[in-house]
Amino acid sequence: MSNTPITNRKIRFALVGCGRIAKNHFDSIRQHADHAELVDVCDIDPAALQNAITATGAVGHASLSAMLEKTTADCVILTTPSGIHPQQAVDVARAGRHVLSEKPMATKWEDGLKMVRACEEAGVRLFVVKQNRKNATLQLLKQAVSQKRFGQIYMVTLNVFWQRPQAGYYDQAKWRGTWELDGGAFMNQASHYVDLLEWLIGPIDSLHAYTATLARDIEAEDSGVLSVRWRNGALGSLNCTMLTYPKNLEGSITILGEKGTVRVGGVAVNEIQEWQFADSRPEDEQIKAASYATTSVYGFGHPLYYDNVIRTMRGEAEPDVDGREGLKSLEVLIAAYRSARDGVRVGLPLEL
């Protein structure tokens, strides 16, 4: 398979890992039924596999290797535990299929690099899911930053105050909260917020982190704080815990600049709560409409993310988040964990 645009038929997807997040992918492909279809699903858990087959009508497989032998898919979606993504991505790439990986793309820096190299060597695309970038609230914020409406940015604060219970979440699967397969609050739950640090504000100069496992019986952290200095001079922090009582409270970002103040809050950056700029622009009228109610911390970005993937494979667009773009937030995560482990400030990039 090459990167030749697919325009004469529907783009075929296969999915491996029919757990919690898979439904968002099934729904997204269904919403793009004019241009996409799900042909295969795969899971090592027979019950999860059967549920996926029933829900989608796709052909089921008990292993990735069995699926790769038979699938006609153009692109394979990885919604398995994060630590398994790298080897699966390599296997899929070598089989000549494009790869679409859920976040985080990997739990180790070297594994992320391995995924990018394998896909580049095989001549296939690597997409990494960052659906929160597609939220209307964050699109407006990205536009304001790009237009330099803040002037100099002074301070940026992100809060992820959520609840992930032991019994109702971590105990549901042995891989959750492990270093090898999952990572902790930063790596898993807050990874979309870590992504915003660089996507919105720019390259990071250095960071310092503290992590703690205060209440959950897991290997990795259930809480953490991250202090950041950007190359543009801005200072900021990301505060994250999965111990908020009694339920998810806040997923927010506040940017304070020379000529602007913006706060996007709600449970998952879904409400624009402050929008003050020295100048006024027509798009400021869109502020009220951009906020949306959400019962899900995933937001509504997956179908919009798929729109870019499908248009990329049809030759109509470039990928919003390819493997190298995905590496940026992984690099910040790995730097944060190294800082917390060694008690040191870590400079970026990790490799020169």
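Shown above is the structure to which this text applies.
The structure contained in this document is the topic of the report that follows. Note that this is a predicted model, so its numbers are computed, not measured.

Quick look at the pattern of salt bridges
Moving on, step 1. Using the criterion set out here, one finds 16 salt bridges in the structure.
Moving on, step 2. Salt-bridge contacts for Arg149 lead to Asp279; the nearest nitrogen and oxygen are separated by 3.2 Å. Taken as a pair, Arg149 in the loop between helix H6 (136-146) and strand S7 (153-161) and Asp279 in the loop between strand S13 (271-277) and helix H8 (287-290) lie far apart in primary sequence, 130 residues in all.
Moving on, step 3. For Arg149, a relative accessible area of 3% gives the class buried.
Moving on, step 4. In this structure, a network of salt bridges that share partners links the residues Arg133, Asp195, Glu325 and Lys328.

Concerning unusual backbone geometry
Moving on, step 1. Note that the residue after Lys103, namely Pro104, is joined by a cis bond; omega there is -25°.
Moving on, step 2. Note that Pro104 resides in the loop between strand S5 (98-101) and helix H5 (109-122).
Moving on, step 3. In this structure, Pro349 follows Leu348 across a cis peptide bond, with omega equal to 5°.
Moving on, step 4. Despite not being glycine, Lys148 has its phi angle at roughly 60°, a positive value.

So, the sheet that holds strand S4 (residues 75-78)
In a beta sheet, neighbouring strands are held together by backbone hydrogen bonds and run either parallel or antiparallel to one another.
Moving on, step 1. Strand order in this open sheet of six strands is S3-S2-S1-S4-S5-S6, and the pairing throughout is parallel. Strands at the two margins of the open sheet, each flanked by one partner only, are strand S3 (59-61) and strand S6 (126-128). Strand-to-strand twist in this sheet, taken as the mean axis angle between neighbours without regard to direction, amounts to 25°.
Moving on, step 2. With three bridges joining them, strand S2 (residues 36-42) and S3 adopt parallel strand pairing.

Some points on the packing of aromatic side chains
Moving on, step 1. Under the counting rule described, the total for this entry stands at six aromatic pairs.
Moving on, step 2. A ring pair is formed by Tyr169 and Tyr170, whose centres lie 4.9 Å apart and whose planes are at 85°; its orientation type is edge-to-face.
Moving on, step 3. Ring geometry for Trp179 and Tyr337: centres 5.0 Å apart, planes at 85°, overall edge-to-face. Placement of the pair is Trp179 in the loop between S7 and helix H7 (191-201) and Tyr337 in helix H10 (residues 323-342), with a sequence separation of 158 residues.
Moving on, step 4. Ring pairing ties together the aromatic residues Phe150, Trp275 and Phe277, which thus form one cluster.

Things to note about the side chain of Asp222
Moving on, step 1. Mapped onto the elements, Asp222 comes out in the loop between strand S8 (204-212) and strand S9 (223-230).
Moving on, step 2. It is Arg216 that comes nearest to the buried, bridge-free Asp222 among opposite-charge side chains, at 5.7 Å.
Moving on, step 3. Reaching out from Asp222, the side chain makes a polar contact with the backbone nitrogen of Leu214 at a distance of 3.0 Å.
Moving on, step 4. Engagement of the side chain of Asp222 in a polar contact is seen with the side chain of Ser223, the distance being 3.1 Å.
Moving on, step 5. What Asp222 contacts, discounting residues up to four positions off in sequence, is Ala185, Ala212, Thr213, Leu214, Ala215, Arg216, Cys240, Thr241, Met242 and Leu243.

Observations regarding the nonpolar core
Taken as a class, soluble globular proteins show a tendency for nonpolar side chains to be buried jointly.
Moving on, step 1. Of all hydrophobic cores here, the largest spans 107 residues; its most connected members are Phe13, Leu100, Leu197 and Ile253.
Moving on, step 2. The dominant element in this core, judged by the number of residues it contributes, is H10, at eight residues.
Moving on, step 3. Not counting residues up to four positions away in its chain, the partners in contact with Leu197 are Leu158, Gly202, Ile204, Leu226, Val228, Trp230, Leu238 and Val332.

A closer look at the environment of Arg125
Moving on, step 1. With respect to the secondary-structure elements, Arg125 resides in the loop between H5 and S6.
Moving on, step 2. For Arg125, a relative accessible area of 22% corresponds to the partly exposed category.
Moving on, step 3. For the pair formed by Arg125 and Ile218, sequence separation is 93 residues and the distance between their alpha carbons is 34 Å.
Moving on, step 4. The residues contacting Arg125, other than those within four sequence positions of it, are Asn3, His98, Val99, Cys119, Thr312 and Pro319.

Description of the environment of Ser291
Moving on, step 1. When you line up the elements, Ser291 lands in the loop between H8 and helix H9 (302-313).
Moving on, step 2. When the C-alpha atoms of Ser291 and Ile272 are compared, they prove to be 5.8 Å apart, with 19 residues separating the residues in sequence.
Moving on, step 3. When near neighbours in sequence (up to four residues on either side) are disregarded, Ser291 contacts Thr137, Asn270, Glu271 and Ile272.
Moving on, step 4. Polar side-chain contacts of Ser291 include one of 2.9 Å to the backbone nitrogen of Ile272.

Procedures and definitions
Residues numbered from 1 in each chain as written. Predicted model: local features only at pLDDT ≥ 70, side-chain atom pairs only at ≥ 80, totals over all residues. Heavy atoms only, no water. Salt bridge = Lys/Arg side-chain N within 4 Å of Asp/Glu carboxyl O. Helix = DSSP H or I, 4+ residues; strand = E, 2+ residues; numbered from the N terminus. Buried < 20%, exposed > 50% of the residue type's maximum accessible area, 1.4 Å probe, protein only. Pairing = 2+ DSSP bridges. Axes fitted to C-alpha atoms, helices over the stretch in contact; angles between N-to-C directions. Phe/Tyr/Trp six-rings, centres within 6.5 Å; stacked < 30°, edge-to-face > 60°. Lys, Arg positive; Asp, Glu negative; His and termini not counted. Polar contact = N/O pair within 3.5 Å; in protein donor to acceptor, adjacent residues only side chain to side chain. Contact = heavy atoms within 4.5 Å. Core = buried A, V, L, I, M, F, W, Y, C linked by side-chain atoms within 4.5 Å.

Read these as layout, nothing more, since geometry by itself doesn't imply function.
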